[in-house]
Amino acid sequence: MKSIISCFLLTFMLVKSAKSQPSSILDNYDFKNPHQNKITQKLKEISGISSSMDGNLFAINDEAGIIYKLNPINGDVIKRFFLGSWTAEADFEGITITEQYIYAISSNGSLYQFNEGNHDQSVDYEVIKLPFSSKFDIEGLFYDKELNGLLIVSKEYGGKKYKGQRAVYFFSLKDKKVREKPYFTVSLKKLKKDFKVKDFYPSGISKHSKSGNYQVLDSYLTNRSLGGIGNSSQQRIYTYIDRNVFNGFTYWYKLVDVDVNGRRTEHESVSATPNNY
């Protein structure tokens, strides 16, 4: 059986808050005992998952346009439907739901727009080709209602002008265009220097509905540099410097690790308030 772990399965989380607050929002989560639901083994190839306006979950198959609607309480499949009569084939990596459409994205930057279908129904879809090549290796997709757009996460290559960085781009739902510059980036140089992490491969992005915090996710399953040393007493140190900050605001960060037995350790939140001196 496969598990749905509330939000995402994490080993490393960077959270940036643009609001001054007395404690980190991450302190409200229990990473040692995450809520899990068992789902059928038939869904072992799903590669993206998102919550809908009515509180259900939608997941998309990795290599074929098959959409599953899931009950978030027990993990049961409510229904499935297909993209097109012949079922669209692509390396799907993310899915998100807006008030009007459902969007799915492939690793080569093709954005699929469609409506929810009935059980076993084939639905029409529109493909919006975004200015990304397969080199970008798109991994995540998130609908930001306040921005009226989609945030798109590049796993590795961020563009010619952003060597040594991981980029998150913005797609406007108003004009159906991707902004030329990334919405924000993560510096690999600083990540390596301060966290001793050799590389960073974002696999997802989300936003806390109440605090407005963005969460950029990476996992030891896709990033070997985040993996533990194994059965060893050798210490591993992680550090990080955030360049995308503003003076006078307090920013909170937290590290969560997973040992070889699957036990999660939630480390204490730390904060910093940058100022000019």
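Residues numbered from 1 in each chain as written. Predicted model: local features only at pLDDT ≥ 70, side-chain atom pairs only at ≥ 80, totals over all residues. Heavy atoms only, no water.

If you check the backbone angles, Asp137 has positive phi at about 55 degrees while not being a glycine. Summarising the element assignment, Asp137 is placed in the loop between strand 12 (125-129) and strand 13 (138-144). A positive phi is found at Asn148, a non-glycine position, where the angle reads about 55 degrees. Examined against the element boundaries, Asn148 turns out to sit in the loop between strand 13 and strand 14 (149-154). (Helix = DSSP H or I, 4+ residues; strand = E, 2+ residues; numbered from the N terminus.)

Another aspect to go through is the pattern of salt bridges. A complete count under the given rule lists eight salt bridges for this structure. Of the charged contacts, one joins Asp144 and Lys207 as a salt bridge, the two residues approaching to 3.0 Å between their closest N and O atoms. Here Asp144 is found in strand 13, whereas its partner Lys207 is found in strand 18 (residues 204-207), with 63 residues between them in sequence. Accessibility expressed as a relative area gives 2% for Asp144, which makes it buried. With a shortest N-O distance of 3.4 Å, Asp175 and Arg179 are connected by a salt bridge. Exposure remark for Asp175: the relative accessible area of 36% places this residue in the partly exposed category. (Salt bridge = Lys/Arg side-chain N within 4 Å of Asp/Glu carboxyl O. Buried < 20%, exposed > 50% of the residue type's maximum accessible area, 1.4 Å probe, protein only.)

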